[in-house]
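Chain by chain, the residues run as shown.
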Amino acid sequence: MNNLRVERWNPSVKMFTVLLSVILLSFQYKIMVTLGVFLFCLIMMIFFSDARFKSIIKILIPATFAALGMFVMGLYYSKNNSITSMDVSDISSVPYALRAAMSTNLISAAQLGSRILAYAGLGIFFSLTTDEEFFISSLMHQCHLSPKFAYGILAAVHLVPNLGKEYKNAVFAFRTRGIRVGVFSLKPVFAMLVNSIYWSENIAMAMQSKGFSDNESRTYYIEPKVGVYDILLSIAILSLIVFAINSAPI
Amino acid sequence: MKVCEAAITVEDVTFRYQKRVILDHVSLTIPEGKISLIMGASGSGKSTLSHIASGLLPEEDESLESGEVYVFNQNIRNLTNNRRAEYVTMMFQNPDLQFCMDTLRKEMRFCLENISVPKDEMDSRIERIAEELSVESLLDRKLFTLSGGEKQKAALCCLRVIKSRCIILDEPFANLDSISAMNLISLLKDLRDDFGMTIVAVDHQIDYWKDVFDSIILLGSNGKILSDGITRDTLSSHSSLFIKEGVFFPDYESFKQNRFASSISNDKEIVTLENLVIRRGEESKKDRRRRLKRNKRGIFKLDEADMILINQKSKISFMKGSMTALLGRSGCGKTTLFLSLLKQHSYDGTIEYDGTDIKKIKLKELSNNVGIVFQNPINQFITQNVLEEVKVSIKLWNKTIDSDELDEMALDMLEDYGLRDYKRQSPYLLSQGQMRRLAVLSVLAGGQKVLLLDEPTYGQDRKSTETIMSNLKSKMESDGLTVIFTTHDRKLAASWADSIYELNDKSFINVTEESEGRESFE
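Figured I'd write up the structure that's included with this text. Quick caveat, the model's predicted, so the values are computed rather than measured.

## Thoughts on the sheet that holds strand 17 (residues 370–373) of chain B
Residues and elements named next belong to chain B. One open sheet holds the 6 strands; their spatial order is 17-18-19-14-20-21, and the pairing between them is mixed. The outermost strands of the open sheet, each flanked by one partner alone, are strand 17 and strand 21 (507–510). Ignoring which end each strand starts from, the neighbouring axes of this sheet average 20° apart. Pairing of strand 14 (residues 323–327) with strand 19 (residues 482–486) involves 4 bridges; the strand directions are parallel. Note that in strand 19 the partner of Thr324 across the bridge is Ile484.

## Quick look at a negative patch on the surface
Residue and element names in this part refer to chain B. A contiguous patch of negative charge on the surface is contributed by Asp402, Asp404, Glu405, Glu408, Asp412 and Asp416. As for its placement among the helices and strands, Glu408 is situated in helix 13 (residues 403–416). Glu408 gets classed as exposed once you look at its relative accessible area, which sits at 54%.

## Some thoughts on the packing of helix 5 (residues 148–161) of chain B against helix 6 (residues 178–195) of chain B
Two numbers describe a pair of packed helices, the interaxial angle and the distance between the axes. All names here are of chain B. As a packed pair, helix 5 and helix 6 sit with axes 9 Å apart at the nearest point and diverge in direction by 15°. The angle between helix 5 and helix 6 places the two elements in the roughly parallel class. The hand of the helix 5/helix 6 crossing is right-handed. Of helix 6, the residues touching helix 5 (which contributes Gly149, Gln152, Lys153, Leu156 and Arg160) are Ser180, Leu184, Leu187, Leu188, Leu191 and Phe195. Of the residues assigned to the contact of helix 5 with helix 6, the class counts are 6 nonpolar, 3 polar and 2 charged.

## Remarks on the nonpolar core
Judged by nonpolar contacts, the single largest core of 69 residues is most densely connected at Tyr151 of chain A together with Leu414, Leu472 and Phe485 of chain B. Looking at this core, the element that brings in the most residues is helix 8 (residues 147–176) of chain A, giving 8 residues. For Phe485 of chain B, the contacting residues outside a window of four places in its chain are Met323, Thr324, Ala325, Leu326, Phe338, Leu453, Pro456, Met469, Leu492, Ala493 and Ala497 of chain B. If you look at the next biggest cluster of nonpolar residues, it comprises 57 residues, including Cys111, Ala154, Phe173 and Ala181 of chain B.

## Some thoughts on the interface of chain A and chain B
Accessible area lost upon the coming together of the parts is a frequently used measure of interface size. Taken together, the contact pairs 40 residues of chain A with 57 residues of chain B. Buried area between chain A and chain B, summed over both chains or domains, comes out near 4,500 Å², and the portion from carbon and sulfur atoms is 59%. Contact with chain B buries surface across chain A, with Arg177, Lys210 and Tyr221 of chain A losing the most and accounting together for 22% of the total. Taken together, the connections running from chain A to chain B amount to 3 salt bridges. A salt bridge links Glu107 of chain B to Lys210 of chain A, with the shortest nitrogen-to-oxygen separation between them at 3.0 Å. Linking chain A with chain B are 17 residue pairs in polar contact (both at pLDDT 80 or more).

Each value, and the rule that gives it
- Residues numbered from 1 in each chain as written.
- Chains lettered and ligands numbered in written order.
- Predicted model: local features only at pLDDT ≥ 70, side-chain atom pairs only at ≥ 80, totals over all residues.
- Heavy atoms only, no water.
- Pairing = 2+ DSSP bridges.
- Helix = DSSP H or I, 4+ residues; strand = E, 2+ residues; numbered from the N terminus.
- Axes fitted to C-alpha atoms, helices over the stretch in contact; angles between N-to-C directions.
- Patch = residues over 30% accessible without salt bridge, like charges linked within 9 Å, V, L, I, M, F, W, Y side chains within 5 Å.
- Areas by Shrake-Rupley, 256 points an atom, 1.4 Å probe, with all protein chains shown as cover.
- Salt bridge = Lys/Arg side-chain N within 4 Å of Asp/Glu carboxyl O.
- Lys, Arg positive; Asp, Glu negative; His and termini not counted.
- Charge placed at Lys NZ, Arg CZ, Asp CG, Glu CD.
- Buried < 20%, exposed > 50% of the residue type's maximum accessible area, 1.4 Å probe, protein only.
- Parallel < 35°, antiparallel > 145°, perpendicular 65-115°, else oblique.
- Left-handed = near helix turned anticlockwise from the far one by under 90°.
- Contact = heavy atoms within 4.5 Å.
- Nonpolar A, V, L, I, M, F, W, Y, C, P; charged D, E, K, R; others polar.
- Core = buried A, V, L, I, M, F, W, Y, C linked by side-chain atoms within 4.5 Å.
- Buried area = accessible area lost by both parts, 1.4 Å probe.
- Polar contact = N/O pair within 3.5 Å; in protein donor to acceptor, adjacent residues only side chain to side chain.

What follows is the structure, encoded as structure tokens:
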């Protein structure tokens, strides 16, 4: 089973596949395709990845709201046959569901809503099934990202937990010195940023001291490679989308 | 290995930082396979010298004004970072800012990648070093969960895995308790004895090193070499030089003033603690569930009892106008206690300020009465200029003061602390010792009645320590200030504090009577 995890899919190839899928979806309006992509992402995440179900749901909730919002917007304000406020007030005694079903805008509303879901699905799929370090080393190997940026990004990512703590410290420092700090005060933010510059200098120095240099050759412990399966998976998914766009009825 | 007399040779080096001369024609030689200490008063350029010797300064677009640095007979300028790392690497003061990966294993891999070790050899080399330094248990733990001592050990592992022939340490024991520091020292000693490693350390105090060092280099101002090659045998004959320079000297009764000289002005209690229970972190329900889950899986076990940092049943009172020292291992909860005293950390039990439960005092009012100096001074600054930093505090407390008077007052204070020359500089560009002094000063300039100081004298030379402590003392006598400070330095506590508590097994024990200072005094 372990061989069938999407985590093993080369992150750079995965990234390009996701990007291309987004572009393909942008130029079509077929509900079956967009919903299909969304469902495909869900199935991949639930059955073929180690992504936690809880985190999937957590991100899906706001996405669903956004999709619903788009749906409602499409329902009332689409280009053809838009329902004016007059119409709405005229038939307000009719239940909402019935009104919606009666509306000729139902399809365009579903198109808009499902597109949001598809984009969200692709985004979640990529972010939850990609290990950040594997992704960055893949960017170094497949996309020629310079090690300076790559390790800089990693160091920064690993410092993020400290930022919140630092902000709290700064607020506390101001308060104990008798200076008022409001919720939106920028003073502690500034202090925190000055501190983080100091951190970055320190860490850069520590990295150099340990022999890190940008232009010298180095070996790699993790060396992501692009295999036949990586490409095949990508081609399969993209052709499926193209095929669906051409043949789906709605 | 080729026998090489000198590990590092610094020849006639002059270095300026923003027009200020830090090192003025400095030359020195570090012998191979020895432990050398670089000592000197605060601001003597020790830290800068160590950075230059390890090739980290000058930065890429800068250059030395004069001079050359050689490591193992190679000009350091001609070495790329990865080649240089095999000769000399550096360990830094702040254990939090040394790693770019999130676990030690990954960090060690990063080091090996830098020096182009083939992938297949990496794992075995990492395992071997981890076993050698017995850090196997740390390898896969997230680095931010390690204690300060463990982090420094991890940093040492990284340098060891590179097989660096010389290690330069810049105040490695900052914020470490004595047990962790001694562990690190014995590790360094083994590295010298078993592998012939050269170790150079910048430190303010000899205490930890006194049984293992081979030679001391004493720096004066602008890195002038005052004495080179002081050995353990000749150390005692140099005591006057150390004392003249204001550098700590072992067993020298440096503190003229003594706690017995001052009497407690009155015996009114100002801060009292009773039935106090302080827990590690503020554990939300979610964290608790996670912890229990982790315990079940047997990783990183923390029991209910381990979550409690302080469990103080008996009552402790801090008297008005007195100085109290708190001793204890680092991470044992001294800093957290301070946070609780300022309502920044939850606790059970009662903390009273001046007879009122602090839960009933508004935070603003409380911080008008209780001030704090943080362990890490960089968290403390609120302005961008040294003079401003002091002025802000004075102004807050003397609203009517006119600006000339304010300037004069602030400058006088800076003068006392040896910071007047830096008045236009940003606090963030000061040296570590200077930063800490400024942090103490800026709080002392305020009018709070109780000061909590977290390691106020770490990284200070003797002269600055004396200035800080005697300023506190005189403010105690004039304004009835109450001081509570934490320290790892028992001698300091014994010489200055009116009472000393040690945090041992989660509660404070009054050790004033049995403390070393008293014995030597009598």
